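One-letter residues, chain by chain:
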Amino acid sequence: MPFLRVLTNAEITGGSDQFAEKAAQLVASELGKPISFVVVTVKQNRTMSFGGKIDNYGVLAYMDSIGFGNKKAALANKLTDFFLENIPSAARGNINIVFKDMPPSDVSIGGNLMG
């Protein structure tokens, strides 16, 4: 049920496949959710502007889940560090993460509502 979408205009060290797997492990660990429920989507080399300039590199990430509780701040810091480690041309000030806490009744996995 944690869904992470990552968009970046920069190259990802090690490629997007490895990045997606490592990101899924991070999200599952930080949120205490089964990795089997984690979905990570990565889109790199997108046309994006940060601060109005396309030659500024960064990340726009959407992190959706059921029940973040008090884990958002720690997850924001861990994801930011992860992005900077794996997308070295991105500037810290251009790492943007949008969190959305979803009600279980709005999430279906395998055709079954989570609440």
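Definitions and cut-offs
Residues numbered from 1 in each chain as written. Predicted model: local features only at pLDDT ≥ 70, side-chain atom pairs only at ≥ 80, totals over all residues. Heavy atoms only, no water. Pairing = 2+ DSSP bridges. Helix = DSSP H or I, 4+ residues; strand = E, 2+ residues; numbered from the N terminus. Right-handed = clockwise from strand over helix to strand, strands pointing away. Salt bridge = Lys/Arg side-chain N within 4 Å of Asp/Glu carboxyl O. Buried < 20%, exposed > 50% of the residue type's maximum accessible area, 1.4 Å probe, protein only. Core = buried A, V, L, I, M, F, W, Y, C linked by side-chain atoms within 4.5 Å. Contact = heavy atoms within 4.5 Å. pLDDT = per-residue confidence, 0-100.

Of the pairings in the sheet, the one linking strand β3 (residues 59-65) to strand β4 (residues 95-101) comprises seven bridges and is parallel in character. Each residue of the ladder has a partner; that of A61, found in β4, is I97. With helix α2 (residues 72-86) bridging β3 and its parallel neighbour β4, the resulting β-α-β unit is right-handed.

Charged atoms that come close allow side chains of opposite charge to pair. Using the criterion set out here, one finds three salt bridges in the structure. A salt bridge links D64 to R5, with the shortest nitrogen-to-oxygen separation between them at 3.3 Å. A residue pair is termed long-range when its members are at least 10 positions apart, and D64 in strand β3 and R5 in strand β1 (residues 3-8) qualify at 59 residues. R5 sits in the partly exposed class, given a relative accessible area of 37%.

We now examine the nonpolar core. Soluble globular proteins: nonpolar side chains tend toward being buried together. Ranked by size, the top nonpolar core spans 26 residues in total, and within it L4, M63, L79 and F83 carry the most contacts. Counting only elements with at least two residues in this core, the list comes to β1, α1 (15-31), β3, α2 and β4. Top contributing element to this core by residue count: α1, with eight residues. Residues in contact with F83, not counting those within four places in the same chain, are V6, F19, V59, A61, I95 and I97.

Turning our attention to the confidence of the model for the protein. Scored by pLDDT, the protein has a mean of 95; 100% of the residues are at 70 or more. Per-element mean pLDDT across the protein ranges from 84 in strand β5 (residues 108-109) up to 98 in β1.

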